[in-house]
Amino acid sequence: MSLFNFGPTSPLTDSEEQFTPRPRHKRTFTGFTPRELKSIDAVIPLEHRNLWKKYAIGEFQTKEEFQGEFVRHVETTLARSLYNCDELAAYQAASQAIRDRLIVAWNKTQQKHTLRDPKRIYYLSLEFLMGRAMDNAMLNLNVKQLTGDGVSGFGFRLEDLIEKEPDAALGNGGLGRLAACFIDSLSTLNYPGWGYGLRYQYGIFKQKIIDGYQVEQPDYWLTFDNAWEIPRTEIAIDVMFYGYTRKFTDDEGKVHRIWEGGDLVQAVPYDFPVPGYGTENVNNLRLWSSKPNREFDFAKFNEGAYDQSVAEQQQAETISAVLYPNDNFYLGKELRLKQQYFWVAASLSDIVRRFKKSRRPWIEFSDQIAIQLNDTHPTLAVVELQRILVDREGLDWDEAWEIVTSTFGYTNHTVLPEALEKWQVDLIGNLLPRHLEIIYDINLYFLQDVEKRFPGDHDLLSRVSIIEESNPRQVRMAYLAIIGSHKVNGVAELHSELIKTTIFKDFVKIYNEDKFTNVTNGITPRRWLHQANPKLSKLIAEKLGGYDFLNNLGLLKGLEKYANDKTFHKEWLEIKRANKARLAALIKSQSGVEVDTNALFDIQVKRIHEYKRQQMNIFSVIYRYLQLKAASPEERKKFQKRVSIFGGKSAPGYYMAKTIIKLINAVGAVVNNDAEIGDLLKVVFIEDYNVSKAEIITPASDISHHISTAGTEASGTSNMKFVLNGGLIIGTVDGANIEITREIGENNIFLFGHLAEDVEDLRHSHRFGHTELNPDLQKVFDVIESGLFGDANIYSNLLNSIGNHGSDYYLVSDDFASFLNAQQQVDKAYADQDAWAQKSITAVANMGFFSSDRAINEYAENIWQIEPVPLDN
Ligand SMILES: *Cc1c(COP(=O)(O)O)cnc(C)c1O
């Protein structure tokens, strides 16, 4: 650690900044160059440096040292004592001790990056679905064992303390969880990479099931001090909204436009250290919180409108107050647009400030900085950077645009039309008047270019225009993102092909085809194997001779030679059984339903969405129930016992998804209380699916459902989590299922259903032909309509969207026969447990490709052009 001292007026908390050369070793935190850094140590007198070294923060290495830290935090940080240290306090003290270690490593990492000044990647995501931090931090710092021993010395169980931490649930589903896995990999692989997001006070709502219905409750996750964040109140940034633009001509006759007269809101950063596994590297996740601007409106105050003035100020805090709870669905609310600009403006201001500190010429901007847009949510960053460069820094338009387009990359996550962002022109023009002008200019120059290359093709011009000439007119954010980026990627092979042939077809023609690429998603094996499934991780480590596979998931291939080893099968299945018992306990405690761990655990947990087809799953469960009921007691014994487990949140305003939740619970209420059926079939809905629950659910599956209508699920990542934990998949030929099949072999997955290429024709035939409902599905509809699951009217819209001349847009009926057939194949395969174990082991052995480390390395090489920063030795 480098040494410095600082005056009382310059709080040095942003350690990336702390080497400012100033005469007589006085330092502030801005304005030095990496070259100057070298001389800094020389400026600090040796005695100061030695003193600092002497008192450098000790990192606990033993159980006893941890216990010392623990007691200190209980007594000082928490102001508690031996007599009132409950589990929550114990969790807080333990997390403070671990936080101290993280911060020391974080400081070292940021200092190293400042010194070496490598190219950095900034990952802009409106969602980071992090889950809990403590377990992950302990595992990554390799202190879990000693922490557990340490707290047990005081009579606590580490598992209980871990449970005290609320999830950081700042995301809806897959997109936010992907961002979390990616920053884990960035740290683990020693890339200099930061995440930028929003620090919502309310994460995704908590789901309660009352009378079978979803009820939303606010998730105020910051009730207790959060040890995992570091407030940086001294780095607040002003962000402007509204106002107007003004044109003026400078002395040299050059015309400028500036934006002024708007309202200011302050962005305050909170830093979340992101530890890597098996490395000292700790990157940063910087989340912005909105605060009232420091400047109080004194005019209003003096006019006696004190309360109004205060109320307006408090409005500012609502910007980062709450996460919008829609997954794959666009909602054109002004507050959401405010969130997007607030976060983008603060992040870019931070990034540009850091760049300017290096005093490099602007031309080197994209040699030093790559910015990834996680979906179109941060697309205003394209416009904001152009504005900074042209309006503030005085660059020419073309020069600035070259910098902008070589800096950004854009990741597309969906082809669903209802998810594509299109902001009303007037909304943007009012909130961000200068940005709208710049969008028009970007569009003008772009269309002029297209016109030159495809003269006379007016249809093309209107198709690719950023401005949709609808009523009202709209800004197509995806087009802006494509035009403002040098690379556009989809998140699995099929999806990346689909965007090229459907929604972005014209852009493939306009740009070189290699602007479009694919990076298949991945998951971090640290959280999704080692942390979630410690027993399996340990067994694998025993076989492979250590935990290297956690950094190099391809090593799992070494398990293949045990795929036919019967003793290994026993160990493998025993662990699955233990994980099923863990889930059974969760189910019992939540819903009171007792499930048999000998039964096949059949799981579908993910956001509830018509395209993900939970409705098709529950229909097949009803079908199974009807078959069981129709069977004689003798025949019944031949049925495979199953537990059908569902979980997931519906967007609060998504009526159809909420109906599906109700149906699942209603079916459970009937089936689970049918004495004739007993353990042959149970149906459970797990309340409030989140990352921590996923860590218990994923290792417990025998089979999981990934059954989206072909072409609708861009990738999916829970499919990867389940297979990595030894569960098999029943799934459609969609998203990453396709690549999973390629890797693990088609004998080890249960695929069914129509292909993406058939979907359009099928939909067409629904619209214009007579399509009969699948007869087995008709039977299911008949019993629902008979009132077996409560008032049939509750479900009529759901059923009518499929049968009764509904469009069956998601092809539930078309795929139903094939789905039931695949279910039969599952039952048959499961009956032979050795054959099943062999499939499971083979599948796990071939999951190396789906590590988020692989994904991040591909981004680094093909899109970001960044290199790892080697560890200091
Ligand atoms: C992985 C994960 C998801 C994504 O699930 P998909 O099935 O891929 O949509 C959603 N929510 C949570 C909590 C997750 O952990």
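It should be emphasised that the depicted structure is a prediction, and the values quoted were computed from it without experimental measurement.

Here the domain parsing of the protein yields domain 1 (119-130 + 171-439 + 474-520) and domain 2 (599-833). The gap between the C-alpha centroids of domain 1 and domain 2 is 36 Å. Counting from both sides, the interface comprises 32 residues of domain 1 and, opposite them, 34 residues of domain 2. Both faces considered, domain 1 and domain 2 share a buried interface measuring about 2600 Å² in area, 55% of it formed by carbon and sulfur atoms. Linking domain 1 with domain 2 are two salt bridges. The interface formed by domain 1 and domain 2 holds 15 residue pairs in polar contact (both at pLDDT 80 or more) in total. Among the elements of the structure, strand S2 (128-131), helix H8 (174-188), strand S5 (206-210), strand S6 (213-217) and helix H19 (493-501) are those that each provide at least two residues to the side of domain 1 that touches domain 2. Looking at the side of domain 1 that touches domain 2 residue by residue, the class counts come to 14 nonpolar, ten polar and eight charged.

Scanning the entire structure with this criterion turns up eight cavities of 30 Å³ or more. Roughly 810 Å³ of internal volume is contained in the largest cavity. Taken together, the elements giving at least two residues each to the lining of the largest cavity come down to H8, helix H27 (691-697) and helix H28 (718-724). Looking at which element gives the most residues to the lining of the largest cavity, the answer is H8, with four residues. One number sums up the size of the second largest cavity: a volume of about 440 Å³. Contributing to the lining of the second largest cavity are 35 residues, with Met130, Gly131, Arg132, Ala133 and Trp228 lying nearest its centre. Within the residue set of the lining of the second largest cavity, elements represented by two or more residues are helix H4 (87-116), S2, helix H5 (134-141), strand S3 (168-170), H8, strand S11 (263-275) and strand S12 (282-292). In the lining of the second largest cavity, the residues fall into 23 nonpolar, five polar and seven charged.

Counting residues in hydrophobic clusters, the biggest one holds 227 residues, and the most contacted among them are Leu583, Phe619, Leu663 and Trp864. Here this core takes eleven residues from helix H11 (residues 334-357), the largest share from any one element. Viewed by domain, this core spans two of them, domain 1 (119-130 + 171-439 + 474-520) and domain 2 (599-833), each represented by three or more residues. Among all residues touching Leu583, those that are not within four sequence positions of it are Phe601, Ile603, Ile645, Ile686, Ile696, Ile697 and Ala700. Val74, Ala90, Ala93 and Trp228 belong to the second-largest nonpolar core, a separate cluster that totals 26 residues.

We now examine the pattern of salt bridges. In this structure the tally under the stated criterion is 55 salt bridges. With a shortest N-O distance of 3.5 Å, Asp86 and Arg80 are connected by a salt bridge. One salt bridge connects Glu676 with Arg636, and the closest N-O pair in it is separated by 3.6 Å. Note that Glu676 is positioned in the loop between helix H26 (655-671) and strand S22 (681-686) and Arg636 in helix H25 (residues 633-636), a separation of 40 residues in sequence. Owing to a relative accessible area of 44%, Glu676 belongs among the partly exposed residues under this scheme. Residues joined in a network through salt bridges with shared partners are Arg232, Asp271, Arg286, Asp350, Arg353 and Arg354.

Let us look at the layout of surface pockets. Approximately 1300 Å³ is the volume found for the largest pocket. For the largest pocket, the lining is made up of 44 residues, of which Asp135, Lys144, Glu159, Ile162 and Glu163 are closest to its centre. For the lining of the largest pocket, the secondary-structure elements that each account for two or more residues are H5, helix H6 (144-152), helix H7 (158-163), S5, helix H21 (525-531), helix H22 (534-544), helix H23 (566-591) and H27. The greatest single-element share of the lining of the largest pocket, amounting to five residues, is contributed by H5. Counting contributing residues per domain, the lining of the largest pocket is built from domain 1 (119-130 + 171-439 + 474-520) and domain 2 (599-833), each supplying no fewer than three. Lining the second largest pocket we find 20 residues, and of these Leu498, Thr502, Ala756, Val759 and Arg763 sit closest to its centre. Contributing elements (two or more residues each) for the lining of the second largest pocket: H19 and helix H30 (756-768).

Procedures and definitions
- Residues numbered from 1 in each chain as written.
- Predicted model: local features only at pLDDT ≥ 70, side-chain atom pairs only at ≥ 80, totals over all residues.
- Heavy atoms only, no water.
- Domains from an automatic or database assignment.
- Contact = heavy atoms within 4.5 Å.
- Buried area = accessible area lost by both parts, 1.4 Å probe.
- Salt bridge = Lys/Arg side-chain N within 4 Å of Asp/Glu carboxyl O.
- Polar contact = N/O pair within 3.5 Å; in protein donor to acceptor, adjacent residues only side chain to side chain.
- Helix = DSSP H or I, 4+ residues; strand = E, 2+ residues; numbered from the N terminus.
- Nonpolar A, V, L, I, M, F, W, Y, C, P; charged D, E, K, R; others polar.
- 1 Å grid on protein atoms, 1.4 Å probe; cavity = no way out; pocket = protein on both sides within 12 Å on 5 of 7 lines; lining within 4 Å.
- Points joined across faces, edges and corners; volume = space filled by probe spheres on them.
- Core = buried A, V, L, I, M, F, W, Y, C linked by side-chain atoms within 4.5 Å.
- Buried < 20%, exposed > 50% of the residue type's maximum accessible area, 1.4 Å probe, protein only.

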